[in-house]
Structures are given as C-alpha cells and as structure tokens.
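Examination of the molecular architecture
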Amino acid sequence: MKKHVAVPRLPRIRQAWLRQPALRKVLEVLNREGTTRIAGGAVRNALLGGAVTEIDLASTLTPQEVTRTAQSAGLTVHPTGLEHGTVMVVAEGTPFEVTTLRVDVETFGRRARVSFTDNWEADASRRDFTMNALYCDLNGQVHDPLGGYHDLRRHVVKFVGNPEARIEEDHLRILRFFRFTAQYGSGAPDSRGLEHCVRLRRNLKSLSAERVRQELWKLLSAPGALRMLRVMEKKGINRILLGRPLNLKAFEYMVAADRALKLAPDPLLRLHILTGSATEYRDILKLTNAEMDRLRALGPAGSVSPQLRPHERKIVLYQFGRQTYLDGVRCAWALSAVPKDPRWRRLLRFERRASLPKFPVTGADLKALGIEAGPTMGAMLKALEDWWMASGFPDDKHVILKRLEALRRLPSSASFGHKQPLKTEQGAED
Ligand code: ATP
Ligand code: MG
C-alpha cells in the first residue's frame, strides 16, 4: 500500500518588500512568457521574519528570452553572468538578477557546466541546502520542491541530496554549512551534514581567498557564531581554515559586549581577537587597505585600560579618534583578564556622549605672534596641544596663547623639540 505523506501547507508571504513596484513590474513583465519567481535567500529570510535585502529571481525563460521580453517592455537588461544563465533586469532604477532554471551538468570547483531546464525541482536540486531551495511567486505563495520549508521551521540546515557528493562538487559548501547553521540553525548542526564536512575538511585549503572571506565574514557576524565556532574548533575545522586554535573565550566576551551595548558585530575585530592578530590574514583573506589601517591603528590603542580616569579617557579618545578608540576598547575588553569590570562598559558609553574638542590654535596664530613657519613652530604647536589636552581642553585660544608666552621664556635646554615633558596644570576629572 502506498505510504501516506503529509504535504505541509505552504504559507503565503505578505510583506512590504513583495509589494515594491519595481519587483512587481519585473515579475509581471516576465510572467507574460514562462514563469519567474523569487528564489533562495529572500524567500528563506521572509519566512523567518528577517530582513530581505537582496532579491534574486529564477525563471523558466532562457537568458535570451528574459532579455527580449524585458526589453520589449522598456526595461533595461545587462548580461552580467551569461555563462551561468544570469542577466540583470533593471526596473525603476532597481536591479534584479534573473537566473534561468538550470542543472549543473558538470562541476569543477566553483565553476559548473550548466544546462537550462524548465523544471523547478531540478533547479532546486542543484542548490546547496534545502532552506535555500525555496521559491515564491508574485502573490507570495511559497513553492517548495524539496521540503525545505519543513527544515527551515525546525531550523536545520540540511544539504540537498547526498552531502558527500554535494561537498565534492564544491568544497565551499563545507564553510557554507557552518555559516548558514550559525545564521539560521538552532541546537546542534545536522549530524549527517556535519559528519561529511568534518571528513572532507582538508579541502577547505584549496578555496580562493575571496570566497572564504565572504563566508567567514558572515559566519563571524551570525547570531550563532560562538556555538558554531566551538563545534568547528572541536572538529579541527578552524585549524585548517585559519591555521591555529582560536581564542574562543575572548570571542565569547566580545559577543556578550556587542549584545549588551547593541553594537553591530564587527567581523574584522572578531577575527582579530580570535586569532591574536588579524594582520597576518592580509593575503590569506584579502583584507582591504582600509581594514589593514584599522588593524595597525589598533596596535597602540589595544592597551586601553578600564582604569583610565575620565579626563584621561578624553585624551585617549582625542588622540586616537573615535573609530580607533572604539576598536581598541572592544578588543582590550574581550582580551582582558577582568572582562566583568563594569568600567569597560563606561569606556564605550563615554565615547557616545563625548564631544571631540578641536585644538583652537593654528600655525597662523603663531605666525601673527612673529614665529616663523618651520620645525620650531611645529614643535611649539605640539607642545601647546599636549598642554591643552592635559589641562582639560580649555576652549579659549587666549589662555593657550598665554601658555605659549610662558613656554618661550623657558631656557633653551627646555625648548621645543626636546624631550622635556610639559608640566600639566590641571588634571581635574570631568
Ligand atoms: P545571503 O543572505 O547570505 O546572501 P543567500 O541564500 O542569498 O544568503 P547566496 O550566497 O547569496 O546566499 O546565494 C544565493 C542562492 O544561490 C542560495 O540561496 C543558494 O540557493 C544558491 N547558492 C549559492 N552558492 C551556492 C553553492 N556554492 N552551491 C549551491 N548553491 C549555491
Ligand atoms: Mg544572497
């Protein structure tokens, strides 16, 4: 007798993003021929009640048919990824990637020889995880050829088909398994998927820096990052991926601090405290110049301490600037031997309240007093600025210039450019 299988009732998505005129326009136009639906991440995120930021479309039309149909309705089309069946259709200034339903006939690493199909199940079967193989139409009706909705509701990231074969087709799927489980999973990872990811983990080494970075950044920022990194640490994945055991204790503190202060997760800082030095990953993860600058600035700022008194906090904030101050405190806190010290929190809150003073004296002011431009003037400005900071950032140019007169009367051995420290006149706490 045939076994009865309960078919889950699939929901309708009723959310504002689905009503945006540009999307409706593209779907209406393309659905005059063939069938075009929203696919993948947008459907998954909408069903989870999360934000939908990127909308990809899947179509039974070939790229040529998409192009012809869209253009004849006055829409702009760019052939962005023709080799894997993707064109970009622009409506009212908003671009949508439209990919023809396809089956991967042959895969070599990241590339695949594809052939087009009009079979939704075949298209779903070449996707990585069941929760990524969902579609929805213009009316919000969800289509689920592989039962991904069931897995999504259970928060289980499950490979489509045989995990071993799917991983061998594209080794990035190992990392994507951990990344999606960290983002959308709850509890332990799917045991069958995990088993094969662990067994095939050595292949992670052969992936390109760009692809690893993209997945790693999402993994490090995910709500379940700590849980997942613990599993990955135990199973020897982190060592292969990043070449060393990770400081998960520091990661735990950083995650807790980010949550408590509602700070957006920062994958660069997270990588930094996990590995002890993110600068070493410049080539391995293709860090940008801006990221490298941030990490280099962190060096001196990494020594901030919760013992800083209020006026000292302001000096540190002024000297480092906001970004480096925040980066420094966040990292020093996570790596601290006393992370429970309530003053760490105050250091971060201080930055939100503090205004950054501007040093009111310029070279022009000194010139007006008869001082020539050059190294001596530079040293004078620097000495004045040091005194100004130590004196509580007085907002009065005349007070500062008065100090200049006192400095000019000092004997030459104590003159500018030498390492003679300036006495501070005020250390009052603000
Ligand atoms: P995100 O919100 O992080 O962008 P996403 O689901 O959109 O999540 P993408 O990496 O943008 O993820 O990929 C879009 C879709 O393409 C996925 O949902 C999945 O169906 C498919 N896909 C992407 N990469 C792969 C891969 N390596 N193997 C199989 N399918 C993939
Ligand atoms: Mg995406």
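All residue numbers here refer to positions counted from 1 along the written sequence of the relevant chain. Labels are handed out in written order, letters beginning with A for the chains and numbers beginning with 1 for the ligands. This being a predicted model, a pLDDT of at least 70 is required before a residue's local features are given, and a value of 80 or more before pairs of side-chain atoms are given or counted; all residues contribute to the totals for chains, interfaces and linings. Side-chain measures here rest on the full set of heavy atoms in the structure, leaving out hydrogens and waters.

**Re the pattern of salt bridges**
In what follows, salt bridge is the name for a side-chain nitrogen of Lys or Arg lying within 4 Å of a carboxyl oxygen of Asp or Glu. Applying the stated criterion to the full structure yields 26 salt bridges. With a closest N to O distance of 3.3 Å, glutamate 312 and arginine 309 form a salt bridge. With a relative accessible area of 25%, glutamate 312 lands in the partly exposed category. Residue exposure (1.4 Å probe, protein chains only): buried if accessible area is under 20% of the type maximum, exposed if over 50%, otherwise partly exposed. Residue classification places arginine 309 among the partly exposed positions, given a relative accessible area of 42%. One network of salt bridges, in which partners are shared, links Asp128, Arg176, Arg179 and Glu215.

**Some words on the pairing of strand S2 (residues 56-59)**
Regular strands place their side chains on alternate faces of the sheet. Between any two strands, pairing holds if DSSP finds at least two bridges. What counts as a helix is a DSSP run of H or I of at least four residues, what counts as a strand is a run of E of at least two, and both are numbered from the N terminus. Bridge count for strand S1 (residues 36-39) against S2 is four bridges, and the pairing is antiparallel. Its bridge partner lying in S2, alanine 39 is registered against aspartate 56. Here four bridges tie S2 to strand S5 (residues 94-100), and the two strands are oriented parallel to one another. What sits directly across from leucine 57, in S5, is valine 98.

**With respect to the site of ligand 1**
Neighbouring ligand 1 are 14 residues; Arg44, Asp170, Arg173, Arg176 and Arg179 lie closest to it. Whenever two N or O atoms come within 3.5 Å, that pair is a polar contact, provided that in protein one can donate a hydrogen and the other can accept it, and provided that, for residues adjacent in sequence, both atoms are side-chain atoms. At 2.9 Å from a nitrogen atom of ligand 1 is found a side-chain nitrogen or oxygen belonging to aspartate 170. The Shrake-Rupley method, run with a 1.4 Å probe sphere, supplies the accessible areas, and residue values consider only the shown protein chains as cover. When ligand 1 sits alone it has 590 Å² of accessible area, and the protein chains cover 78% of it. Both cavities and pockets are sets of points on a 1 Å grid over the protein atoms alone; in a cavity a 1.4 Å probe fits but cannot get out, in a pocket the set is open with protein on both sides within 12 Å along at least five of seven lines, and lining residues sit with an atom within 4 Å of a point. A molecule is counted as occupying a cavity or pocket when more than half of its atoms fall within 2 Å of that pocket's grid points. A molecule is said to occupy a pocket when more than half its atoms come within 2 Å of that pocket's grid points, and by this definition ligand 1 occupies the largest pocket. Under the scheme applied, nonpolar residues are Ala, Val, Leu, Ile, Met, Phe, Trp, Tyr, Cys and Pro; charged residues are Asp, Glu, Lys and Arg; polar residues are all the others, including Gly. Here the shell around ligand 1 is composed, by residue class, of one nonpolar, three polar and ten charged. Here, proximity means that at least one heavy atom of the residue falls within 4 Å of the molecule or strand.

**Some points on the nonpolar core**
Counting 87 residues, the largest nonpolar core has Trp17 and Ile38 as its most contacted members. Ranked by residue count, the leading element in this core is helix H7 (residues 172-184), at eight residues. Any two residues whose heavy atoms approach within 4.5 Å are treated as being in contact. Look past the residues within four positions of isoleucine 38 in its chain and what remains in contact with it is Trp17, Leu18, Leu23, Leu27, Val43, Ile55, Asp56, Leu57, Leu134, Tyr135 and Cys136. Working definition of a nonpolar core: buried Ala, Val, Leu, Ile, Met, Phe, Trp, Tyr and Cys residues. They are joined through side-chain atoms within 4.5 Å. Core analysis: the second largest hydrophobic core is formed by 19 residues, Trp387, Trp388, Phe393 and Leu401 among them.

The values reported here are purely geometric and, on their own, carry no functional implication.
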